[in-house]
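Examining the three-dimensional arrangement
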Number of protein chains: 2
Amino acid sequence: MNAIELIKKKREHQKLSTDEIKFLINNYTKGKIPDYQFSALLMAVFLNGMSVDETAALTEAMLYSGTVINLDSIAGAKVDKHSTGGVGDKTSLILAPIVAAAGVNVPMISGRGLGHTGGTLDKLEAIPGFRTDVNLTQYKNIIKKCGAVLAGQTKSIVPADKLMYALRDVTATVESIPLITGSIMSKKLAEGIDGLVLDIKTGSGAFMKELKDAKTLAKSLINTAKAFDKKVIGIITDMNQPLGNNIGNWLEVVESVEALQGKEVPDLMTVTHKLSGAMIYLGGKAASIDEGVEISKEMIKNGKAFDKFLQIVKLQKGDTSVLTNLSKYPKSKYSEEIIATRTGYLKEVDNYEIGMSALQLGAGRLTKDDTIEPKAGIIFNPKIGDRVRKGDVIAKLFTDKKKEIDSVKMRVENALKFSSKNVVKPKLIKTILR
Amino acid sequence: MNAIELIKKKREHQKLSTDEIKFLINNYTKGKIPDYQFSALLMAVFLNGMSVDETAALTEAMLYSGTVINLDSIAGAKVDKHSTGGVGDKTSLILAPIVAAAGVNVPMISGRGLGHTGGTLDKLEAIPGFRTDVNLTQYKNIIKKCGAVLAGQTKSIVPADKLMYALRDVTATVESIPLITGSIMSKKLAEGIDGLVLDIKTGSGAFMKELKDAKTLAKSLINTAKAFDKKVIGIITDMNQPLGNNIGNWLEVVESVEALQGKEVPDLMTVTHKLSGAMIYLGGKAASIDEGVEISKEMIKNGKAFDKFLQIVKLQKGDTSVLTNLSKYPKSKYSEEIIATRTGYLKEVDNYEIGMSALQLGAGRLTKDDTIEPKAGIIFNPKIGDRVRKGDVIAKLFTDKKKEIDSVKMRVENALKFSSKNVVKPKLIKTILR
C-alpha cells in the first residue's frame, strides 16, 4: 500500500477500504505522508466524494489518532450537542445546564470562533476566571459533580483533525461533506458520548447556505453517528439572522443568563428548547422530543437550570458574581446606535455580514492568532418580518476600537433589506432528521 | 490574487484567466506557492480539466519560466518531432538525419527513458563519446553546420516543468491532458521551432492505451501549437507491439543505422517515413505529406541520410567508427533465445511488459537515479499476424545480469497470446490530424 496508489484510486472514483483510509490518516498524522500528497488526496475527496462507509472509516481513523475518552465510570446517559456554527448562537451555554439539571450528563468539548461565527469557548472565557483547559481527570470530575462540563479540546484529542484542518484551510478543501463529517464526528465521538443532537444551521449566516446542502451534511453526520452505534437526532435550524439579539462574547453570556433566568427571547429559546428537549429525550429522561421540550422549559421556570449554570461556572473556576450581577462587568469604551431612517418591514439580513461586523468590532478573529475583545459586539433588535419604524434603534454597537465604528455602521446598514409590504417570518425549525 | 482563491476557482469548474495561470506558475517556480497548495491545484486540474485557452496559457507560463531559444539567425525552416513514447521507438535517430538531408533544420531536444519506454538521449549516448549536454552556442552551431542537433534539456529550459513533473509524479496527477500538453509543448516551443510533427502512440505499450484518449491528447497538443502560430501535424500511430525489432539502447542504434543504410524494416520505416514526410512538408520542401514521404525514401536510397547521421554524430563528439563497423561494439555478457513451443499466429503483445522486460535486463530505469546498460535489450522478431512455427526464435535477450534471464524469459512469454486462426495486422498509421 502506498499513498500514490491510494490517491490514484480516489482520483478514479474508486472506494477506499477501511484499511486504506487508516493507512492514509495514520501515516499523515505520523508525518510519513507529506503535506503535498495529502492535499492532492483531499482535493480528490473534495471532488469525488466518499461513501457512507468511507466516511465512517475516515472518522474512525481520525478518532483513534488520539485519546478516546471513556465515561463508563459515570452513571447515567451522556449526550452532547453540536452546532455547525452561526451568528449569535449561544444555545450551548443555556442547554448544557438545562439538560444536566434534567438528569442527563453533558460532556461538551467545544471550539473557538473563526471568521463570522462565534465559538463557545470564547463566550465562556468572557466570564472572568473561567477555565476551559481542563485535563482528563478534571473533565470526568466536573461531570461527576454537576452533570456537565464545558471544555476545550486538548492536544491529545483527535490530533489528525488539527493537522488536516490546517492543510484544508490553505488548499481550498474545507467545504467537503465527508471531510467536515470526519472532523466533527471524530471530535464528538472522542468525548465519550452515548448520544448526540446535531444543530445544522442553514441560511445567510451558516456554512450551508442552502437547505439542500444542510440536509446532505445532516444525513452524513447521522449516518456516521449510527455507524458508531450512537443515538442521534439532526435538527436543521434557521440562520438567516442572528439567533437572539446579542452577538459578541460577553453580550451572549448576558443574553444566556437572562434566558436562564426566564427572560423570553422567542427565537433563541424555541431553538434551545428543541435542542435540549431532544437531548433529554436521547438521554432517556423523556418519552419524546416534545416531552423533553416541556421538561426543558420547566428547568428554566423552577430555577434549576440557572443554579446548574452557576455550579458549572464555579467548578470551572469562573467568577459567578458577574453573572448574578451583570452590571458589574466592565463596559466597552464606545457604543453607538444605528437608527432606522425610514419605516418598513425587515425583509432580509445578510447574516454573514452581521457576523463579520461583530468581528470587526473586536468580537471575533480572522486568523487563529488574532485576539478577542470579550466586551465587543452588537445588540441587533429587529427580526425578519418585524415592522421597523423611522427612529427605532436597529442595533447598538460596542467596541474599544473607535476607528471601526463608522465602517461597521455602514456595513450593518448595507446588510439589511426592507420592504413596504408584510414579510413572512422564516421558520426556525426547518426539519428534524434521525 | 492568492493561491487558495485560484485553487477554489478551478475546484468549482471555473476558468482561470491567463494572468491567474501566470501567477500560479511563476510563484510556484519561485517557491512562493508551496508544494501542498500546488498539488491540490494539480488534482483540481486533473479532475476538472482545462479549456483550450487555459492550456495555452499554462504552456505559455511554463515556457517563459526559462530560456526560449531564438533560431532566427539560422536560415530555413526549423521543424521538430515529438513522440509520446513507446517500446522500440527509435524514429528520431532515423528521421532527424533524413529531414536535415532534405534541407529542413531539426532542432531536437529529447528526454531520457523512464519506466517501460526508452528515451532518445539514452540511445544516442550508447554511441561512445556522444554528447547530448550541448550549451546554447553549441546547439545553434551544430544546427548551422549540419541542419540538425540531438540535444538534452538544459536546466535553463522550462524549469517549471521539472518542478511540476516531480510533484505530479508523487501526487497521482501525471495522466492529465492539459498538464501533459503544457509539459510537452512548453519544452518543444522553447527549442525555437516553426513547425512540429506529433507522433501520438496508442496501444498496449503507449501511455494512451485507447485511440479515443490519443485523439484527445493529439487535439490538445495541436490546439496549443496553433495558439502559438506553429505549423503542426498530429499522427496517431500503433504501439501494440515494439516498433521495429530491436529494444534497448545500442540495439536500437544498430537498427537505426541498418535502416539508414537501406535495410527494410517495414513497420519502423512506414512510421518513420510518414513522420519525416510530414516534417519535410511542414518545412516547405514538399507540397504534401506524400511528396515528403517520397523525398524521405530518396534520402535513404541516395545515402544522404546516413551521411548526415555520421555528420551529426561527429559534431556531437560521437565515435562514428562503431557505426560504420557495428561489430566493433562490445557484446553483452549473456544472451538467450526464446523459442516458440508451438505453431500459431501472434495475436496480442502486452507491449508494456515487453518494455518492462527490456528494463529488467538493464536497458531502462525505474527511477531517475537508476543506471542503464547500453548493450542490454531484446531483439523481438514476430509481428502481430505473423505465423510463428514451433522452434522459431521469438526473441533474443541480451544482458549482463544473469539472474534476470529466467524471470524475463517467462515475462516475455506471458506477454504473448497466440491464435490458431488468421489474425489481422494492426493498422500502423491510425489517423492524421491537423
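Notes on the overall build of chain A
- Counting secondary structure elements, chain A contains 17 helices and 13 strands.
- Its C-alpha atoms give chain A a radius of gyration of 22 Å, near enough to 22 Å, the size a compact globule of 434 residues would have.
- Expressed as lengths along the three principal axes of its C-alpha atoms, the size of chain A is roughly 70 × 45 × 35 Å.
- Of all 434 residues assigned to chain A, the portion counted as buried reaches 58%.
- Considering only residue pairs separated by 6 or more positions, chain A has 78% of its internal contacts joining residues 24 or more positions apart.
- As displayed, chain A has an accessible area near 17400 Å², and 49% of this comes from carbon and sulfur atoms.

Some remarks on the pairing of strand β9 (residues 377-380) of chain A
Residue and element names in this part refer to chain A.
- Across 2 bridges, strand β6 (residues 246-247) lies against β9 in antiparallel orientation. Of the residues in β9, the one forming a bridge with Ile-247 is Ile-378.
- Pairing of β9 with strand β11 (residues 393-399), which is carried by 4 bridges, proceeds in the antiparallel orientation. The residue of β11 that forms the bridge with Ile-378 is Leu-397.

A short note on the relation of the copies chain A and chain B
- Superposition record for chain A on chain B: RMSD 0.0 Å, screw rotation 180°, translation along axis 0.1 Å. Seen this way, the second copy is the image of the first under a two-fold rotation axis. Using C-alpha coordinates, one finds that chain A approaches the rotation axis most closely at Tyr36(A), a distance of 1.8 Å.
- The share of interface residues of chain A whose copies in chain B are also at the interface is 100%, consistent with both copies meeting through the same surface.

Some thoughts on the interface of chain A and chain B
- Counting residues at the interface gives 22 residues for chain A and 22 residues for chain B.
- Interface of chain A and chain B: buried area, both sides summed, is about 1800 Å²; carbon and sulfur atoms make up 70% of it.
- The largest share of the area that chain A buries against chain B comes from Arg11(A), Tyr36(A) and Leu47(A), three residues that together contribute 32% of it.
- If you look at where chain A meets chain B, you find 4 salt bridges.
- The interface formed by chain A and chain B holds 9 residue pairs in polar contact (both at pLDDT 80 or more) in total.
- Those elements that provide at least two residues to the side of chain A that touches chain B are α1 (3-11), α3 (35-48) and α8 (159-169) of chain A.
- No other element matches α3(A), which puts 10 residues into the side of chain A that touches chain B.

Describing the packing of helix α2 (residues 18-29) of chain A against α3(A)
All names here are of chain A.
- Here α2 crosses α3 at 145°, and the two axes come no closer than 11 Å. Regarding α2 and α3, the two cross each other, and that crossing is left-handed. In this structure, α2 uses Leu-24, Ile-25 and Tyr-28 to contact α3, whose residues at the interface are Asp-35, Phe-38 and Leu-41.
- Taken together, the residues of the contact of α2 with α3 sort by class into 5 nonpolar, no polar and 1 charged.

A look at the confidence of the model for chain A
- The predicted model of chain A has a mean per-residue pLDDT of 96, with 100% of residues at 70 or higher.
- Reported confidence for the predicted complex is 0.85 by ipTM and 0.87 by pTM.

Quick look at the domain arrangement of chain A
All names here are of chain A.
- The domain architecture assigned to chain A consists of domain 1 (3-49), domain 2 (79-158 + 188-324) and domain 3 (332-419).
- A C-alpha centroid distance of 25 Å is found between domain 2 and domain 3.
- With 24 residues of domain 2 in contact, the opposing surface of domain 3 contributes 27 residues.
- Of the roughly 1900 Å² buried between domain 2 and domain 3 on both sides combined, carbon and sulfur atoms contribute 55%.
- Counting across the interface, domain 2 meets domain 3 through 2 salt bridges.

Here we look at the environment of Gly118(B)
- When you line up the elements, Gly118(B) lands in the loop between β2 (106-110) and α6 (120-124).
- Spatially, the C-alpha atoms of Gly118(B) and Arg365(B) are 8.9 Å apart, while their sequence positions differ by 247 residues.

Some details on helix α13 (residues 289-301) of chain A
Residue and element names in this part refer to chain A.
- Along its 13 residues, α13 runs 18 Å from first to last C-alpha, staying within 8% of the 18 Å computed at 1.5 Å per residue.
- All of the buried residues in α13 are Ile-289, Gly-292, Val-293, Ser-296, Met-299 and Ile-300. The buried residues of α13 occupy one face: seen down the axis, they fall within an arc of 120°. Turned more than 90 degrees from where α13 packs its buried face, Asp-290 and Lys-301 sit exposed.
- Residues of α13 that are buried sit in contact with α5 (91-101), β5 (231-238), α11 (249-260), α12 (266-282), α14 (304-315) and β13 (429-433).
- Within two residues after α13, Gly-303 carries a phi angle of roughly 80°, on the positive side.

Let's talk about the packing of helix α16 (residues 351-363) of chain A against helix α17 (residues 405-414) of chain A
Residue and element names in this part refer to chain A.
- The geometry of α16 relative to α17 is characterised by a closest axis approach of 9 Å and an angle of 170° between their N-to-C directions. Between α16 and α17, the crossing angle belongs to the class labelled roughly antiparallel. For the pair α16 and α17, the contacting residues are Glu-353, Ile-354, Met-356, Ser-357, Gln-360 and Leu-361 in the first and Ser-407, Val-408, Arg-411 and Val-412 in the second.
- In the contact of α16 with α17, the residues fall into 5 nonpolar, 3 polar and 2 charged.

Observations concerning the packing of aromatic side chains
Residue and element names in this part refer to chain A.
- Counted under the stated rule, the structure contains 4 aromatic pairs over all chains.
- With a centroid separation of 4.0 Å and an interplanar angle of 10°, the aromatic rings of Tyr-28 and Phe-38 are classed as stacked. A residue pair is termed long-range when its members are at least 10 positions apart, and Tyr-28 in helix α2 and Phe-38 in helix α3 qualify at 10 residues. Judged on exposure class, the residue Tyr-28 and its partner Phe-38 are both buried.

Conventions we followed
- Residues numbered from 1 in each chain as written.
- Chains lettered and ligands numbered in written order.
- Predicted model: local features only at pLDDT ≥ 70, side-chain atom pairs only at ≥ 80, totals over all residues.
- Heavy atoms only, no water.
- Helix = DSSP H or I, 4+ residues; strand = E, 2+ residues; numbered from the N terminus.
- Rg over C-alpha atoms; globule rule 2.2 N^0.38 Å.
- Buried < 20%, exposed > 50% of the residue type's maximum accessible area, 1.4 Å probe, protein only.
- Contact = heavy atoms within 4.5 Å.
- Areas by Shrake-Rupley, 256 points an atom, 1.4 Å probe, with all protein chains shown as cover.
- Pairing = 2+ DSSP bridges.
- Least-squares fit on C-alpha atoms with pLDDT ≥ 70 in both.
- Buried area = accessible area lost by both parts, 1.4 Å probe.
- Salt bridge = Lys/Arg side-chain N within 4 Å of Asp/Glu carboxyl O.
- Polar contact = N/O pair within 3.5 Å; in protein donor to acceptor, adjacent residues only side chain to side chain.
- Axes fitted to C-alpha atoms, helices over the stretch in contact; angles between N-to-C directions.
- Left-handed = near helix turned anticlockwise from the far one by under 90°.
- Nonpolar A, V, L, I, M, F, W, Y, C, P; charged D, E, K, R; others polar.
- pLDDT = per-residue confidence, 0-100.
- Domains from an automatic or database assignment.
- Expected span 1.5 Å × (residues − 1).
- Arc of directions from axis to C-beta.
- Parallel < 35°, antiparallel > 145°, perpendicular 65-115°, else oblique.
- Phe/Tyr/Trp six-rings, centres within 6.5 Å; stacked < 30°, edge-to-face > 60°.

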